[in-house]
Structure formats: C-alpha cells, structure tokens
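Listed below are the residues making up each chain.
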Amino acid sequence: MSIIYEKSRECPGCVGAPLTRREVLKQAANGFGMLALSTLMADEAYAGLVQATKPHFKPQVKNVILCFMPGGVSHMDTFDPKPKLAELNGKLSGDGQRTWLKCPWTFNRYGQAGIPVSELLPHIATCVDDLAIIRSMVSGFPLHPRGNILFHTGRNVGGHPSLGSWITYALGSENKNLPGYVLLHTGDIPPGGLENFSNGFLPATHQALPVRADGDPIDNLLPADDQILQQTKLKMLLAEDRKFSSMAGTDDAVESAIANYEMAYRMQSLVPDVLDLDKESEATKRLYGLDTSNKEKGQYSLQCLRARRLVEEGVRFVEITCPVLFGQNNGTWDQHSYLKRGHEANALVTDQAVAALIKDLKSRGMLEETLIIWGTEFGRTPDTSNGDGRDHLETAFTIFMAGGGIKGGTLYGETDEIGEKSVENITTVHDLHATILQLVGLDHEKLTYRFGGRELSLTDVHGKVISQILA
Amino acid sequence: MWLRCPNRVLHLEEKQFMTTASADALNFGLRLFSVWVLSGFLAQPVFSEKTASSSGMEFFEKKVRPVLATHCYQCHGPQLQQGALRLDSREAILKGGSRGATVVPGKPEASWLMKAVQHQGLTMPPSGKLMPEQIAVLEDWIEMGAPWFQHPIAQIVSKGTDQFYARMAREHWAFQPVSPPEVPQIMFNSSSNPVDQFIQEKLREKGLEPAGGSNRWTLARRLSLVLTGLPLSPWEVNRFVQDSSPDAYERLVDRLLASPHFGERWARHWTDLMRFGETYGYEWNYELLAAWRYRDYLVRAFNEDLPFDQLIREHVAGDLLENPRIDRQFGINESLIGATFFRLGEMSHDDCVKFREIRTDVVDNQIDTLTKAFQGLTVACARCHDHKLDPIPTKDYYALYGILASSRQVSRTLDTGDLHQELKQRLHQLKSLIRTELASHWINQCVEIAPYLLAVQAMQNHRNSHRQGIVDLEPRKVQQWSQVLMKESVDPEGFLYPWTTIACEMDLASKGFKEAWSKLGAYYQRESQARTDFNRKNFLDFADFRSGHLNGWHSDGIGIQGGTTTGGELIISTKGSQVVTGILPSGIYTHLLSNRLNGALRSPYLPKDKKFLSLRIMGGQLAAHRTIVDHCVLGEDYKILQNEVMSWVKIPIKYKEESFPVYVELVTKSGNLRLPDRPSMMKGYQLKDLEKPGSYFGISQAVLHDVDQTPRDGLSHMARLFRGGAPKSAEELASRYATACRQALIAWSEATSNSDDVHWIGWMLRNNLVQNKKELSPRLKQLVQTYRNFEAQLPEPKVISSMSDLDPGYDVPLLENGDAKRPREKIPRGYLTVLSDKEPGFETLGSGRRELAENIASASNPLTARVMVNRLWHHIFGRGIVTTVDNFGRFGKRPSHPELLNYLANCFVQNGWSIKRLLRRLVRSTTFRESSRSSVQARNIDPLNQWLQHYPVRRLEAEAIRDTILATSGRLELKLYGSSIQPFRKVSKDYRKLLSGPLDGSGRRSLYLKVTRMEGPQFLELFDFPTPAATRGSRDRTNIPSQALALLNDAFVIDQSGYWADRLLIQPDRSLERRLESMFHSALGRPPEVSEVKRFKRFAIKLADLHGISTRNILDSRKVWKDLAHTIFNLKEFIYIY
C-alpha cells in the first residue's frame, strides 16, 4: 500500500496513524516548490484518480460488471436442479406447516460441459461455456437489507464501503472524466438503500454514481445554461477563483475545487455521450433486447448496453440492479408467492440482456479484461408455506461469474439433494469478494483502510480465493 | 494490513461451514500472531522445535487445527478428556492418552490418530468418518513432523495482557491526569491570551513567524461562519467595521455567542457525534419517534451554555436524574430528552431472538457512540477480543453492555403537566357537575322502567291488561324496550333473562313459579361461585388495577396521570348530542378526561413459568398492546386495540430463556414505535388516522395462567333481582328492575358506585334506556359545551424516544468472539477499568447509567474534558490539537500541543464546563485572527500548518453552504425549532418513509432538514454530510466533480439565484456598480475591489449581450442578475472559510 504510516515510537513493528494522501504528498513535497504539488493533487489525488495501491498480483481483468438480482433468485429453479423435489412435491416438510415444492420449469443441458440450466433463462443458458457457476453459496442472513449489505460490503450493517468502492479506491480510475463506480438502476434501490453502494469510510469519490434508466440519468448533469453562457460563467469563475486562491493563501483544496469545474464541464458532454446509444447498431440493440415493448425489459436492456459502453470508457466497476415488478417493494425476485409468474417475469426482463452483455463483450474481445458477476443476496427454500412461493434461504444459493481469469464451463460446489444446504465447496460472500479482488489484482488481506482506529478491509478476517474456478 | 478485526461473526449452523468459519477465526489468530511477535510486548508464543517454517504453521492453522477443533476438541479438549486424551496442544498429543502416543511425528502409520480416523480399530470421530481430504490433511501434517503453533490468544486474556494494559494505562499520554501546565511567557508577544502563548512558543521553536492579522471584513465573516454557520448581515458587518472602540471585536464575539443561531450550529456539530438520524433504516425505515425534539433540545442546550458535564449526565442518564432540568417556557423535562441519544442508531424490525445480531448490534452501536463521542476511545473493538492497542479488556465491554442491555428503550412523555394542569382541573370539575346533572335526570327516568317493561311485555304477549297505558307511552321508547327484550330473552347473561324466561312465561302466583325463581336464583349463585372458583384455580393475579395501584407497573403520559377510577367514571363525548360515551368500571385509563391525552403502561418483566398473560383491557383509535422481547422495540408483536368495552386479551409468553426479558406495554398511538407501520401492516387505518388526535386504553386486571382460556366474568349484579324472595307479581319484578337501576344511579351520582352499579348503568346506557342527550336541560347542554371547549384546548402531549430504568439491572455474560451463541461468565456492570479507580461493579439497583454518567462527567476523568476541548478546537481551527478527534487511544495521533490541550481542558473544567467560555477564549486569541496567507517559509517548514502559522483555509460544511446560499438570496427563514422538513427528492417513496419536501426546504436552515436513513438530504450529502452510522467528529472534506455539477446545475441553486435576482430588481440601485457592491456585501461580506467592480461590470454587460439585452436595461433584467447571482454562488470564496 502506498499510504505511509508514521512509525510508532514505542513499537517499532506497529505502524502509527496514517497520513492522508494529501499529507503524504505535502510532506513529500517538503522543500520543493508547492506549485507542482498543487497541480498534481488538484488534478488527481482529489478526484480519486490516483491508485491507492499497486496491484498485488497481475490483474486478470480491468473492469467489473455486477448484475445484481435483488430479492433472492431461486437456485433450484435456475441453475441447481433438484429432481428429488419432484418426488416430494406436495408432501409435508419439516414442521408440518409447509410442503415441498417442485421446480415448475424443466432443465436442459447446455454447452460442451452439458451444464443444466432451467428454461427460465434460455439466453444465459447459451453462454454456459463461459460461466463458472457456484452452486454452494451461503450468506449470513435471510433478511433482504442485511443480505444485500453483506453481499455488497462484506458486513451486515451499513457504513462500510461497497465492493465497487474498494476496487476504485485501490485502483483509481482509468478515465479522468468518468467516475470509477457507476450504479445503473431503473428507479428502485434494493433494501438496505444506498448503503449498499456507499463509499463507507473511504473518500466520497469512491461512492457509486447512480444512473437512472429514464428521465435525467444523472443528477445535475444536464447543464442549467446553454453552452456559451456556461462557458462565459466558467471563464469568469476561473479567473476570479485563481485570484481568490492566491489572496486567501495558496491552498491546494481550492485549486482542486477549481479543477473540478473543468472535469464537471467535460462530464456534462461526455457522460451523456457514453450513455447515449445512438451510435450502437440495430443488431446490437436487438441483441440486448432493446426492441422489446416490455417497459422494464427495455430499461434493463438499456442499462446492460450502457454497462458495456461504460467499461469500454474505462469505468472500473459497474453495477446493474433490476427493476421492480408487480409493485413489490421488497426486492424483485422475492417470490414468497406466485413463484412461477414472478420468476418468469423477472427472467424475461433480465435474461436476454445479461447474455447479450457476455456475448457482446466476447465478440469485441473485451470479455477477457472484464469480469461479469451475476448474483443475488440469498436463495429460496425448497418448500413453501402457501403452495406457490418460496421463502428466504441463506444456506444455499447460486451465482455465476464470467470473463477474464474465469474457467468457463465450470460447475463449482453442491447443495444437498433438496437444495436446502450447501454441502460441498461451501462458498461465502467473503470468498467471492476475495476472488473478485484477486482477479482485479488485489490481495483481500492487504487491501485495508484505517478508520476509527482500526485497519478495515472488505473481507474482514474471512474469505479465501476460490482457485478452482480460475483459469 | 496487520490487524483484521473479527467484528462480525456469522452464525451458521452447518458443520461444514463451521470448518470454514473456525478456519477464519484461526487465520485471524495467525495474523494476530505476527503482530504480537513484531510488537514484542508479549511473551513469545510457544513453538515446537520443528515448527519454525511458516508454511508448516500456516498449513497447521489453515488445514489441521480446524479439523481438530471441529471434530475432536469436544471430547478431547479443555472440557472433556475422553480416554485421558487431549488433542489441543502438541505436548498433549505427543504424550497421548491411555493408548499411548497419538501422533508420532513423521510417522503417520505409527500414529493412533490416523488409525482412529481411518476407522481401523477405533471409530473417530464417532459422529461419522472425516472427509477423505481431511484425513489426507492429517496424514500430511504428521508426515511434516506435526508442526504446531500455540497462538497467544490465551495469553491475551490472561496475565500478559494485564501487564501490557497496566503499562499502557501508565504510559499513554491520554490516560494521565489533566494537570495544568505553566503558561509559557513569550516576551515579544503582545497577546495575553494563553492560547497564543502556547502557539507562539511552538512557532518560535520551529522558527516560524505568525502570518499577521486579518482584515476586519475577513475576520467578521470567519467569526460568524465559525460560530453560527451563517454569514453576518451586511448591516452587522458594517457595524463592526465602523466600530472604532478597542473592544469592537470582543463585543462582536459576544453578540455572536449570544445569537440563537449559535446553538443551531453547535447542535449540528454535536449530532455528527451522535449518528443522529430520524428514521431507523433497513427495509422499512421506520420513523424514530420525534427525533427532532432531541435536535431542538441541543439547540437550547448550546444556546443556554448548558455545562458540558450536565449535558453528559443528561445524555447518559437524563431519565434518572433526581432533579431534572425543567424548561418552564415549554413545560417539558429537558433532561429526559438527552437520553434520546442512545436511540438514534439504525435498527431492524425483525425478530431479534431469531436474529440475535439485531439486538447486539444496537447495543454495540450505543457503546461505540458513547465511548467515541465522550471518551475518544474505540471500546467497540473489545467486543470480540481484548483491545489490542488500548487497555480495554473484553470484560469492560460487557460491563458496559450490561448497563445498556438492562435499560429499557421506551417512549417517554416530556410534559411536566404544568401546561395541562389547570385545564385538567377544570375538566374534572365540569365532569363532576355533568355527572350530578345527568344523574338527576336519569334517576327521574327510572320511573319509566317498570311501566315500559310491563307494557312492552304485554304487547309482545298480546295480553290486554295494560293496554290502556300504552297510549301514553312514547313509540320510540316502546321500540327500544322491544329490542332489548328480544335480545336478552335467550341468554342467561342478559339482564332481562329472569324477566323474559320466567316472569313472563309463568303465572307468578303459581307454586311452580316460586320454585323456578329460586332455582334460577340458585343458578346465578352457583354459576357465580363456579366462575370464581375457576378463576381462582387457574389464574394467578399479576396485577389488579381496580384498587388504583400500579402493582409495580410503570406508567407514562398525561392521560394516565390520575387516570385511576374506582368505578363509575364517565367519559364525556366530544361531539354530537351524546353526553357520555361510557361509564367505566374500576381500573386505569388514559381517557378519563380526554382521548387527546396519552399514556403508556408497562409491565415488569414477565415471569417465564406460565404460558399466558391475560389482560382485561379496552382501547381504540390505534392504541395497542405490544410484547417487547429483549428491548427490541421495533418488534412485530403488537395488536391494535379495538375493544370499546373491557374484555380479556390473552398473550402467550414466548421465549423461556432467562436471557430474554419480556414485558408487555399498553400504549396510546403516539407511544407505539411501530406506527406508522409499513403498508402491508397498516390494515384498517391510514396515515391520516395517525395524524388525528385521540387514542385511548384502559386496563383493570392482568393474570398469569397455563390454561388456554381467559378468566370468566362474574354475575353478582344479578343478585339484586333475587333479594327478598320471589316477586309476587310482574309489577313487583318490574319495579325490582327499576330499583336496581335507580340504586345504581344514586350511588353513581354520589360517586360511590361499585362494579355492580356500573354494570347496571352500562346496561341502561348501551340499550338507550336512559336518555344520553345534552338537550335534557339547558344547563346540561351548557356544561357539556364548556367541557368540550376546554377539552379542545388540551395541548398535544410531547412524546419522544428515550430510556428508562424500570427494573433491577442485570449482568450479561461475556460473549466469546462476540458471538451471542457462545455466552461465558457473567460480567458485573461497571465502567472501563482504565478510567475508573474503583473496583469493577456498580452498586446500583437500576441499570447503572447514573454511575456511568458520573464516571464520564467527572473532572478526574482524564479524557472527558480533553476530548471535548479538542472537538471545540477542531471546529474553530479546522483540525484538532489531536487530529484524530474520535480516537485518543494509542493509535490516535498525539497532540500537536499537549500542554495547550491540558491547559484548555483544565480551564474548561475550572470554568464550570462552559462551552461558550472556552470558545470565547479561542476566538479571541490572536491565533484565530491570523491571516490565512502563509509565508513561503511556513509552507516549506510546516506544509500541514500543524503549528498554526496562519489561519487554515477550508471549505464550508454542507449545511453552511446551503444556509449561506439561502441567507444571501434573502430566502432564509430564521425560525428556530420544530418538526423536520423533508428534503427535496425527485421521487418520493412513501413505503420507505422517503417523502419529498419543498425544493428550498421552506427556507429553513439545513439543520431542520430531515435526516432519513437510506437516502439522506441529497444536496447536503454531496458536500460530505455524514451518514448517520457512527460517531463522526471530523468530516471528510472531499473535492469531487459532483459538487461542481451541483453548484452549476442543481435546481436548488438555480432557484435561489432567481430568488436573489428578484430581490435585487426591487432595490432602488442607481447603477451597476452600486448593485454589484451590494451583492458583494451580501455574498462575501466585503466590498469589492475597484478592479473587481470593473471585471464584474464587464461580465454583466457580456451576460446582457448574450441575452440580447441592451446595456440601458441591464438593471431591470432578471436574466442578467440571476446569472450574476448564480456565478457568485459558484465562486470558491463563497464556499470557503479563509
């Protein structure tokens, strides 16, 4: 890590409270002129563009796209077939209040490896040779907010940085004019709220920039003035601010605030340009399903295509969340009842575009430097309390990854014969985080940040890299 | 990097998963180990001779120990040594058990361990064979020579730690007593302020010259923004600049310290420490009951310069103070509000017994906030293990945990009753007059009972004997009586049953009648007895409120004060022609005077040896009974009451474990923390029902039982009809009814009614057998009207979330690794050993918060004053003397000016913990008045400006930016206090309590914008407004493009630019120059320089040109001035303190 610690006087092995990056730069600049320093910091340190650390390993991928499916996707209805449930269907389970529920869809085998995928996800099924499917995930909490927050931040309570924040913090941004972490959403934030995408105690630069599918995609990005008027104002501001800066005493924070106006100005035109799909071919749009008449599907497809464009432009971490269907406000895949209708509707909205993203990146040769994660906060129970829904299950669920460094066509881990518990190669969210960090070149044990008197990390004391799914 | 804290331990029951989890825990041990080795504080860990290689150790830690720990230690570990064998140390393994050496290093084939796990001659572990790879691991390990490493956790909790801790307590600066240092005397310094002496001594030592004084404009702006968060008005600036008296500055300081906006500014600073939020977050973001009252409390406290030690006492134990602070103006108990601070963290509604973390995280957050905010210590680090850096053992954490765990988190009523007292008295008097008046009418009306009963019965029987009377009877009353007769003819519980079934069916003169009558009488007697016996046998009294005693229950609220009745109390109807809505049996009620008054009644902890608690209660308008388990106040377990008359409600007593205290509470709606509930739970009521005043409940009895039934009601009131033997005629029986009623009413009018009387009156009232109308007499009408007028004036009680100690405190067990499922020995409640010279353990009857408060609010506590003066310094100078303002522990920064910190801490305490006096001292210093222009020399020697050669330039906080925009545009509404304004949102989500407010927040200061969890006030968050999760004594000051985008494009900024332009246009400015000058004064607190006027004039003309406006019309162009205003809002000078 590049953060420099003061040596503790009493304890040569212990490191003391860190200097902020700014302090480091200042001290490093001690004795040199301040000018170069100011420029350097104004431009990069303050905008969070510089890397906090050199990669610990050779990075396999440059960018990450997380397709998050909030609400809890049923694993036994998507990637983890449980024929036993067909036998048990309708019989009483456990406490006598509930009955077993078979999967209402059929599974077929796909790809060279013959991996079973349910008919719910026909498009993703065609990509299985690129996927490493982990069928033995476990989470800590069968509750949406805690599950979501755990999945994103490695903790079950808010206030900690999200995975995307850690990565952008560590690696900086590749594009000066775009934020490093972007959240593509369609209007609803999953339970747990913005804390899921928060920078926590990391500098605010590393929080997710939310981008809406409809309306103004980003707050305050639409210029309030026409270009000439805005430029006139900016020119005036630049001159006056420079004077203020020297009048008040050379302060690099003022200098970097001035520089931010430059970046803000550029973002106003660049970001809409990146988000704008006009230059995409009709074939590409069709691939993603943008030709649909289904509003939510259209929005989700749009966000997936935007995700590709954003990583093309060098955005480190893009997350896409799902639209809310049927007015459910508890997470889209949360089918405690109407499993068939609900999962089908959600699959319809997301399946094609996720598959398109994989195919599109692959055809552009970008899949090798991008990591795609398809995930959810927990799984669903093999039994039902009301005959047509499944409840929360934290002891087994499925996620998949694709892209650089991933061994395609892999099935990893197993659940028991009814899908209630992960039994083989049990994988925690921390393991997943450790693996993702490794793929972007970071050691999850070394990537830490001092806050509140402690060195904090994404995986806390947990996590081990899942080497079996790596190429 | 080196220390990874197992702050959260996942609870997974799967055996397989435990393997991973314990491996993680052991990994932790390994990482920890390297720290201790490096640090060299502890005894060296124990190595076996062959374990020097770190890969071997790692292999052991990661692979072998988890297998042993999971599968072997249970029978061959510290607790049990089956076959005299232990497997938890290398020596023990080598020594082996009764069969000899378990492991022969390097020789798996000769090791019993391998035979056992391969089920050769032994079957281990007995629960089932290990996985093949686990067996392979053991084999590899033995082959490697059985490397072993004894990690030092055991030592941390024992002696090594004690010595280490003792040394830390002895040596670390922050734990040393605050001794007043000698103030250095600087010869060349003209300032007599000791602050300057200390600062300048350091500067001289470093070879630095102070930057020199600021000009008056700069100084006035700096001072005002720092002290009040608002710019001075141009008039005030001018007043100060023109003031040539030598103490002009000092007087400005005093004016600003006396400003009511001072309190607003410092209240907001304080709320950063208190992780102040007004909703609970998580899925549903429940409302935190009137959290804004806590914010207002802080504004008053800082404005009144409440001594800081008192502020601490109120925060920690405000509900327990013997002499609470009463605010006469508002008629409220101020001290009670302080304790709201415990309640401000986030909380989930889910079952906290099933999900233990919900509760333990709340308490952890309370401990974390308490110790960081008041002591600058990271005590929460000791949740899972002894603190690695500061002398805080885990047992100290659980000593604190016990204090907080045994405090109840409840709603409390702030009103002292003063505001209600006079009105309540009047209502009492009026009620008594109404009762007398009403009783006299009703007693008269009893005359009609017998004739109507006879006449109506006759009509039903088609008998003619009483036909002549009927013509005089009122048809309406005939109708009424007919209905009652119909209704009560079949049910023996009915009052008219004896009449309809016997008297009307039989010839009263017959012999058979007498017999039947006495049989019926005997039936009632027998049935009464049987019910009494049943009740006595099956039900144990938990509380009997009929006597007027609280039976150890705890009451809160204006309505419930004096809400006891021994029976017969009337409830006056507040609308329509009805006089009363009911006559109540004896018990405790919240609505005896008005249902606008509130109440809460809380049981002691329920005994766990019975299956049910039953309550005889009534209630309505969203009053509820709730069951609170382990103080999880957002629990689902509650029912809205819809019983207009007393009836039994049965509540199962769940959670038999002693560790989960359970109590029930009855609350009027304002005290129900679940309301407004989430949409799917809001069955039968809507948000607007919650906003209407009025809610009530009453209770007479509480019983414990195992039978799955509730107690049976008595029948004693029927005895009145059977006195004096069998009636000789229908007339006699009819008049017995009349007499029973009359007797009840007479008793009632004299306020001596018993429960039978109340039964009878209730019967009459329910069946409209007496006229319940205010039109009975002009006097009655007037009395009722007067009552209603007064009732409507009752102020709404002020209810907040606070704390209370209603039970003896209890100690909690230490949780191993912070895991609620691994309780160890109980830890006596007490304070941090390092800060307390007494033996651990508080001798209190309650939770111990009183002692806790005294321990913190103590002049001899080495941290309290230091931490606070450092926070004050931080806000005045932009960084603390200790820059890690929330951490004074060993890993915090050391003070840049330790003597100054001591000096200030000492002054602070000597001056009665007065915050204003300390701040006055700081801002009156020359140091505060230095210019912000640094010298080249200073930039080279001290680039961080830690020696304060010049005043540090820094960006304003989010609130100050928004407030300054409002102040400059003229939109600022300088109103103090009140419920929060929802922040502006583009989309509101009512189901998550994320509502949208006006774009300009009604012009109110940012302090009054609602701090919602999930999505906070967006404009503020862009400028580092903190997430209300943990204590945040020092905010980030980030510089991100979104800030520039907001100031350039945000609707609020644009809107305010227009507002300012509109105000400029109506000013009679004669020239561009004059107007620009006035804009400079409003926005920047200074006159423009000549060159600035020139440039801005050119700019204005350029803008006019762009808008196609001729120079002549410039002064009247809204567009031009809006653009100018907008540009000025975007000047860095506008958002920086310098």
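Criteria and cut-off values
- Residues numbered from 1 in each chain as written.
- Chains lettered and ligands numbered in written order.
- Predicted model: local features only at pLDDT ≥ 70, side-chain atom pairs only at ≥ 80, totals over all residues.
- Heavy atoms only, no water.
- Helix = DSSP H or I, 4+ residues; strand = E, 2+ residues; numbered from the N terminus.
- Buried < 20%, exposed > 50% of the residue type's maximum accessible area, 1.4 Å probe, protein only.
- Contact = heavy atoms within 4.5 Å.
- Areas by Shrake-Rupley, 256 points an atom, 1.4 Å probe, with all protein chains shown as cover.
- Phe/Tyr/Trp six-rings, centres within 6.5 Å; stacked < 30°, edge-to-face > 60°.
- Lys NZ or Arg CZ within 6 Å of the ring centre and 35° of its normal.
- Salt bridge = Lys/Arg side-chain N within 4 Å of Asp/Glu carboxyl O.
- Pairing = 2+ DSSP bridges.
- Polar contact = N/O pair within 3.5 Å; in protein donor to acceptor, adjacent residues only side chain to side chain.
- Core = buried A, V, L, I, M, F, W, Y, C linked by side-chain atoms within 4.5 Å.
- Axes fitted to C-alpha atoms, helices over the stretch in contact; angles between N-to-C directions.
- Left-handed = near helix turned anticlockwise from the far one by under 90°.
- Nonpolar A, V, L, I, M, F, W, Y, C, P; charged D, E, K, R; others polar.
- pLDDT = per-residue confidence, 0-100.
- Disulfide = S-S within 2.5 Å.
- 1 Å grid on protein atoms, 1.4 Å probe; cavity = no way out; pocket = protein on both sides within 12 Å on 5 of 7 lines; lining within 4 Å.
- Points joined across faces, edges and corners; volume = space filled by probe spheres on them.
- Expected span 1.5 Å × (residues − 1).

### Considering the overall build of chain A
When you go through chain A residue by residue, the secondary structure sums to 12 helices and 22 strands. Sorting the 471 residues of chain A into buried and exposed places 66% on the buried side. Here the analysis covers contacts within chain A between residues at least 6 apart in sequence; of these, 76% occur between residues at least 24 apart. For chain A, the exposed area adds up to about 15700 Å²; of that, 51% sits on carbon and sulfur atoms.

### Quick word on the packing of aromatic side chains
Residues and elements named next belong to chain B. Inspection of the entire model under this criterion finds 56 aromatic pairs over all chains. What links up through ring pairs into an aromatic cluster is the set Trp270, Phe302, Phe308, Phe341, Phe342, Phe374, Phe908 and Trp913. Here the guanidinium or amino end of Arg1075 rests over the ring plane of Trp1121, the centre of that ring lying 4.7 Å away.

### Points about the pattern of salt bridges
All names here are of chain B. Under the criterion given, the structure shown has 99 salt bridges over all chains. With a shortest N-O distance of 3.2 Å, Glu304 and Arg325 are connected by a salt bridge. Here Glu304, found in the loop between α14 (291-303) and α15 (308-317), pairs with Arg325, found in the loop between α15 and β3 (326-327); they are 21 residues apart in sequence, far enough to count as distant. Taking the relative accessible area as the measure of exposure, Arg325 reaches 18% and is therefore buried. Measuring nitrogen to oxygen at the nearest pair gives 3.5 Å for the salt bridge that ties Asp309 to Arg313.

### Observations regarding the sheet that holds strand β4 (residues 92-93) of chain A
All names here are of chain A. With respect to topology, three strands assemble into an open sheet ordered β4-β5-β14, the strand pairing being antiparallel. Both outer strands of the open sheet, β4 and β14 (383-384), are each paired with one neighbouring strand and no more. Two strands pair when backbone bridges link them, and strand β5 (residues 98-100) and β14 are joined in this way by two bridges, in the antiparallel orientation. Within β14, the residue paired with Trp100 across the bridge is Asp383.

### Topic: the side chain of Arg992 of chain B
Assignment of secondary structure puts Arg992 of chain B in the loop between α36 (958-969) and α37 (1018-1022). At 3.2 Å, the side chain of Arg992 of chain B forms a polar contact with the backbone oxygen of Ile189 of chain A.

### Concerning unusual backbone geometry
All names here are of chain B. Residue Pro125 follows Met124 across a cis peptide bond; omega there is -15°. The phi dihedral of Tyr655 falls on the positive side, at around 55°, and the residue is not glycine. For Tyr655, the location among the structural elements is in the loop between β16 (643-652) and β17 (662-667). At Leu948, a position not held by glycine, the phi torsion is positive, near 60°.

### Let's talk about the side chain of His392 of chain A
Residue and element names in this part refer to chain A. Residue position: His392 is located in strand β15 (residues 392-393). Among the polar contacts made by the side chain of His392, one reaches the side chain of His144 at a distance of 2.9 Å. In this structure the side chain of His392 is engaged in a polar contact, spanning 2.9 Å, whose partner is the side chain of His336. Once residues lying within four places of it in the same chain are set aside, the contact partners of His392 are Pro142, Leu143, His144, Asp334, His336, Phe378, Gly379, Arg380 and Thr381.

### Comments concerning the nonpolar core
All names here are of chain B. Counting 260 residues, the largest nonpolar core has Trp270 and Trp1121 as the members making the most contacts within it. If sequence neighbours within four positions are ignored, Trp1121 has contacts with Ala1061, Leu1064, Leu1065, Leu1072, Arg1075, Leu1076, Met1079, Ile1114 and Leu1115. The next biggest cluster of nonpolar side chains, apart from the first, holds 67 residues, and it includes Leu485, Leu570, Val579 and Val758.

### Examining the packing of helix α12 (residues 248-258) of chain B against helix α33 (residues 915-923) of chain B
Residues and elements named next belong to chain B. Contact geometry for α12 and α33: axes closest at 11 Å, N-to-C directions at 145°. Viewed along their axes, α12 and α33 form a crossing whose handedness is right-handed. Here Tyr249, Val253, Asp254, Leu257 and Ala258 of α12 lie close against α33, whose contacting residues are Lys916, Leu919, Arg920 and Val923. Residue composition of the contact of α12 with α33, grouped by class: six nonpolar, no polar and three charged.

### A look at the confidence of the model for chain B
Close inspection of predicted coordinates is inappropriate in any region flagged by low pLDDT. Residues and elements named next belong to chain B. Here chain B shows a mean pLDDT of 87. Residues at 70 or above account for 91%. Confidence drops under pLDDT 50 across residues 1-52; counting only partners more than four residues distant or on other chains, this segment forms 137 contacts. Below pLDDT 50 for its whole length, residues 151-160 participates in 17 contacts with residues either more than four positions away or in separate chains. Predicted as a complex, the structure gets a pTM of 0.81 and an ipTM equal to 0.79.

### Remarks on the state of the cysteines
Residues and elements named next belong to chain B. Per the counting criterion, the structure on display carries one disulfide over all chains. Between Cys352 and Cys632 runs a disulfide, and the two sulfur atoms are separated by 2.0 Å. Because the sign of the S-S torsion sets the handedness, a value of about 115° for the bond joining Cys352 and Cys632 places this disulfide among the right-handed ones. Taken as a pair, Cys352 in the loop between α16 (334-338) and α17 (356-375) and Cys632 in the loop between β14 (624-629) and β15 (638-640) lie far apart in primary sequence, 280 residues in all. Across this residue pair, the class does not change: Cys352 and Cys632 are buried.

### Quick look at the sheet that holds strand β7 (residues 554-556) of chain B
Residue and element names in this part refer to chain B. Strand order in this open sheet of five strands is β7-β12-β17-β14-β15, and the pairing throughout is antiparallel. Both outer strands of the open sheet, β7 and β15, are each paired with one neighbouring strand and no more. Sheet twist, expressed as the average angle between the axes of neighbouring strands with direction ignored, equals 15°.

### Details of the environment of Pro307 of chain B
All names here are of chain B. Position of Pro307 among the secondary structure elements: in the loop between α14 and α15. With relative accessibility at 32%, the residue Pro307 sits in the partly exposed group. Those residues in contact with Pro307 that sit more than four places away from it in its chain are Gly912 and Trp913.

### Regarding empty space enclosed by the protein
One way to see where empty space is left: roll a probe the size of a water molecule over the atoms. All names here are of chain B. Enumeration over the complete set of coordinates arrives at 18 cavities of 30 Å³ or more. Its boundaries defined by the atoms lining it, the second largest cavity holds a volume of some 340 Å³. The wall of the second largest cavity is formed by 26 residues, among which Arg265, His269, Glu957, Glu959 and Arg1035 lie closest to the centre. Listing elements by their share of the lining of the second largest cavity, those giving two or more residues are α13 (260-273), α31 (864-877), β22 (954-955) and α36. Looking at which element gives the most residues to the lining of the second largest cavity, the answer is α13, with five residues. When grouped by side-chain class, the residues that make up the lining of the second largest cavity number five nonpolar, six polar and 15 charged.

### Regarding the pairing of strand β19 (residues 799-804) of chain B
Residues and elements named next belong to chain B. Within β19, six of the six residues are buried, which leaves the element mostly enclosed by the surrounding structure. Residues Val799, Ser801 and Met803 point to one face of β19 and Ile800, Ser802 and Ser804 to the other, with burial holding for every one of them. Pairing geometry for strand β5 (residues 408-413) and β19, over six bridges, is antiparallel. Considered in β19, the bridge of Arg412 is made with Ile800.

### What to know about the pairing of strand β11 (residues 317-320) of chain A
On a regular strand, each side chain points to the face opposite its neighbour's, so the side chains alternate between the two faces of the sheet. Residue and element names in this part refer to chain A. Covered by surrounding structure in β11 are Phe317 and Glu319 together with Val318 and Ile320, the residues of both alternating faces. The sheet contact formed by strand β3 (residues 63-68) and β11 spans four bridges and is parallel. Among the inter-strand pairings, Leu66 is bridged to a residue of β11, identified as Glu319. Of the strand pairs in this sheet, strand β9 (residues 181-185) and β11 are connected by four bridges, and their pairing is parallel. Across the sheet, the residue bridging to Val182 is Val318, located in β11.

### Looking at helix α10 (residues 216-228) of chain B
All names here are of chain B. Spanning 13 residues, α10 covers 18 Å between terminal C-alpha atoms, matching the ideal 18 Å at 1.5 Å per step. α10 sits mainly inside the fold: 11 of its 13 residues count as buried. All buried positions along α10 are accounted for by Thr218, Leu219, Ala220, Arg221, Arg222, Leu223, Ser224, Leu225, Val226, Leu227 and Thr228. Measuring from the side-chain oxygen of the N-cap residue of α10 to the backbone nitrogen of Trp217 gives 2.9 Å; that N-cap residue is Asn215. The positive-phi residue at the C-terminal boundary of α10 is Gly229, with phi of around 75°.

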